[in-house]
Amino acid sequence: MQLRLSAAGRVLVTGGAGYIGSHTVLQLLLEGCSVVVVDNLDNSSEVAVQRVAELAGEFRKNLTFHKIDIRDKEALEEVFASTKFDAVIHFAGLKAVGESVQKPLLYYKNNLIGTITLLEVMAVHRCKKLVFSSSATVYGWPKDLPCTEESSLSAMNPYGRTKLMIEDICRDMHHADSEWKIMLLRYFNPVGAHPSGDIGEDPRGIPNNLMPLVQQVAVGRRPALTVFGNDYLTKDGTGVRDYIHVVDLAEGHIAALKKLFEDPKIGCEVYNLGTGKGTSVLEMVAAFEKASGKKIPLVFAGRRPGDAEVLFASTSKAEKELNWKAKYGIEEMCRDQWNWASKNPWGYESPDTANGGVTK
Ligand code: NAD
Ligand code: UFG
């Protein structure tokens, strides 16, 4: 499989200090790209950017960071005025499903206004190549599996609705002006960490997702994992998801950029990035216990509102058109997640500053 970019470009990465962003920035640097990261550090730490620079070795000279909120049009203008970008990878956004139900305006304001501001500034500076972080959440509770890019779409919460709306905005942009070349990447469930164990997932506050919670139980920051629902019609009653190693996901972005740079026929395209395999909560916990040698105590609770029963991807479109396929399985995902967790039990912070701990 050949993913390498033939022409390394100058890439703006919004949200590049975050979990998926930091792993992707590292891959971009190793490809020889010049990368400018803008992030307001709302859900991340600048230490992640410093670690990426260290991992990039000689390529670190090609990395610049600006602490900017993408809704700040003037600040974004300055960044675009100082560099002519070949493309933008847009990760910046809020992503906590439950919080989006409680605070819908926060999500609409951040994710929609942020994206619209970015698109406006891109248009002014004639940078019209975009890779956008969409999500498998747009499939709602799917009727048929695996989810293909043609499956019906529905939003189960305001967060999901922002993803659907931004996808539509992107399609409209391309429709109005065919110079816009856009890749909408629907991620399934990213987990794991860079094999160095130096960068990984470190959300601020109480995590929402399964694996950061499992990890915090393993390092003693939480007493037990709450399993949401064991009465689903699945192999063991727990929810099934398509977990994908974050390094595979980062490589998926390189493949998408390559397509953007090299295929003149690109319009506004959508691709699933997953492995095509479904894994239950209990299977994932067992894999993590094996990788870490730690027991994860479980507490069974009712279903979490808005959760789908089973979600996994059809990967054939990305395989065929992006020439990209995930390489890692859940064993490697758990191995690398544990490596990160054991080296950084408090993430990028110390026990005193980490705000997700049970001691706080
Ligand atoms: P993350 O929270 O680690 O990263 C997002 C980054 O965006 C953070 O560093 C945050 O500080 C920054 N940010 C948020 N709003 C901003 C703003 N207005 N201006 C500047 N920076 C801002 O999340 P992630 O897991 O790396 O997710 C990246 C993207 O992928 C998000 O758009 C998310 O919705 C999407 N996504 C994530 C998942 C997942 O499970 N992690 C699944 C599907 C899609
Ligand atoms: N789960 C638990 N206990 C927890 C957390 C999660 O049992 O404490 C279960 C969930 O019920 C689900 C599975 O673990 O069955 C995965 O849940 P996550 O919260 O990790 O992931 P989701 O599939 O619910 O959603 C995630 C992101 C969304 C993204 C979606 C893409 O939160 O932003 O993946 O599929 F859109």
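Residues numbered from 1 in each chain as written. Chains lettered and ligands numbered in written order. Predicted model: local features only at pLDDT ≥ 70, side-chain atom pairs only at ≥ 80, totals over all residues. Heavy atoms only, no water.

K.L.:
A description of the overall build of the protein should follow, citing residues and the corresponding values.
P.N.:
Helix and strand counts for the protein stand at 11 helices and 13 strands. Taking 360 residues into account, the globule formula puts the C-alpha radius of gyration at 21 Å, and the protein, at 19 Å, falls close to it. Viewed in the frame of its principal axes, the protein has a C-alpha envelope of about 55 × 45 × 45 Å. Out of the 360 residues belonging to the protein, those deemed buried represent 56%. Taking all contacts inside the protein whose residues are at least 6 apart in sequence as the whole, residues at least 24 apart take part in 81%. (Helix = DSSP H or I, 4+ residues; strand = E, 2+ residues; numbered from the N terminus. Rg over C-alpha atoms; globule rule 2.2 N^0.38 Å. Buried < 20%, exposed > 50% of the residue type's maximum accessible area, 1.4 Å probe, protein only. Contact = heavy atoms within 4.5 Å.)

K.L.:
Lay out the pairing of strand β6 (residues 181–187) with the relevant residues and their values.
P.N.:
The buried fraction of β6 is high, at seven of seven residues. The side-chain alternation of β6 yields two buried faces, one formed by Lys 181, Met 183, Leu 185 and Tyr 187 and the other by Ile 182, Leu 184 and Arg 186. Bridge count for strand β5 (residues 129–135) against β6 is seven bridges, and the pairing is parallel. For Lys 129, the partnering residue across the bridge sits in β6 and is Lys 181. (Pairing = 2+ DSSP bridges.)

K.L.:
Lay out the state of the cysteines with the relevant residues and their values.
P.N.:
Counted by the stated rule, this structure contains zero disulfides. Not part of a disulfide, Cys 147 finds its nearest cysteine sulfur in Cys 268, a span of 19 Å. (Disulfide = S-S within 2.5 Å.)

K.L.:
An account of the layout of surface pockets is requested, with residue identities and associated values reported.
P.N.:
Unoccupied space between atoms shows up once a probe the size of one water molecule is rolled over them. What the second largest pocket holds in volume is close to 210 Å³. Forming the walls of the second largest pocket are 16 residues, and the residues nearest its centre are Thr 275, Lys 277, Tyr 328, Gly 329 and Met 333. For the lining of the second largest pocket, the residue count by class is six nonpolar, six polar and four charged. (1 Å grid on protein atoms, 1.4 Å probe; cavity = no way out; pocket = protein on both sides within 12 Å on 5 of 7 lines; lining within 4 Å. Points joined across faces, edges and corners; volume = space filled by probe spheres on them. Nonpolar A, V, L, I, M, F, W, Y, C, P; charged D, E, K, R; others polar.)

K.L.:
Give me the packing of aromatic side chains: which residues, what numbers.
P.N.:
Under the defined criterion, the tally for this structure stands at five aromatic pairs. The interplanar angle of 75° and the centroid separation of 5.2 Å between the aromatic rings of Phe 80 and Phe 85 together place this pair among those described as edge-to-face. Each member of the pair, Phe 80 as well as Phe 85, carries the same accessibility label: buried. For the ring pair Tyr 139 and Phe 188, a centre distance of 6.1 Å and an interplane angle of 25° mean the geometry is stacked. Highlighted residues: Tyr 139 in the loop between β5 and α6 (158–176) and Phe 188 in the loop between β6 and β7 (189–191), separated in sequence by 49 residues. You can call Tyr 139 buried: its relative accessible area is 2%. Geometry around Tyr 271 places Lys 317 over its ring, the cationic atom sitting 4.7 Å from the centre. (Phe/Tyr/Trp six-rings, centres within 6.5 Å; stacked < 30°, edge-to-face > 60°. Lys NZ or Arg CZ within 6 Å of the ring centre and 35° of its normal.)

K.L.:
Go over empty space enclosed by the protein, please, and point to the residues and values.
P.N.:
Summed over the entire model, instances satisfying the criterion amount to two cavities of 30 Å³ or more. Of the pockets and cavities examined, the second largest cavity occupies roughly 60 Å³. Lining of the second largest cavity is provided by Glu 201, Asp 202, Pro 203, Pro 212, Gln 215, Gln 216, Arg 221, Asn 344, Pro 345, Trp 346 and Gly 347. For the lining of the second largest cavity, a count of residues per class yields four nonpolar, four polar and three charged.

K.L.:
Before we move on, could you go through the environment of Gly 252 and cite the residues and values that matter?
P.N.:
Looking at where Gly 252 falls in the secondary structure, it is placed in helix α8 (residues 246–262). Along the sequence, Gly 252 and Ala 326 sit 74 residues apart, while their C-alpha atoms lie 8.1 Å from each other. Among all residues touching Gly 252, those that are not within four sequence positions of it are Leu 273 and Trp 324.

K.L.:
So, the site of ligand 2: which residues are in play, and what are the values?
P.N.:
Lining the immediate surroundings of ligand 2 are 23 residues, of which Ser 135, Asn 209, Thr 226, Arg 241 and Asp 307 lie closest. Contact between ligand 2 and Tyr 159: an oxygen atom at 3.3 Å from a side-chain N or O atom of the residue. Arg 241 places a polar side-chain atom, nitrogen or oxygen, 2.6 Å from an oxygen atom of ligand 2. Taken by itself ligand 2 offers 690 Å² of open surface, and the protein chains cover 91% of this. Breaking the shell around ligand 2 down by element, the ones donating at least two residues are α7 (210–218) and β8 (225–228). Counting residues per element, the shell around ligand 2 draws most heavily on β8, at four residues. Split by residue class, the shell around ligand 2 holds 12 nonpolar, seven polar and four charged. (Near = heavy atom within 4 Å. Polar contact = N/O pair within 3.5 Å; in protein donor to acceptor, adjacent residues only side chain to side chain. Areas by Shrake-Rupley, 256 points an atom, 1.4 Å probe, with all protein chains shown as cover.)

K.L.:
Kindly report on unusual backbone geometry, identifying the contributing residues and their values.
P.N.:
Residue Pro 146 is reached from Leu 145 by a cis peptide bond, and omega for that bond is -5°. The residue Pro 146 is located in the loop between β5 and α6 in this model. In the Ramachandran plot, Leu 41 falls in the positive-phi region, its phi being about 60° despite a non-glycine side chain. Checked against the element boundaries, Leu 41 lands in the loop between β2 (34–39) and α2 (46–56). Judged by relative accessible area, Leu 41 falls into the buried class, the value being 14%. Positive phi outside glycine occurs at Asn 323, with the angle close to 55°. In this fold, Asn 323 is placed in the loop between α10 (316–322) and α11 (330–343).

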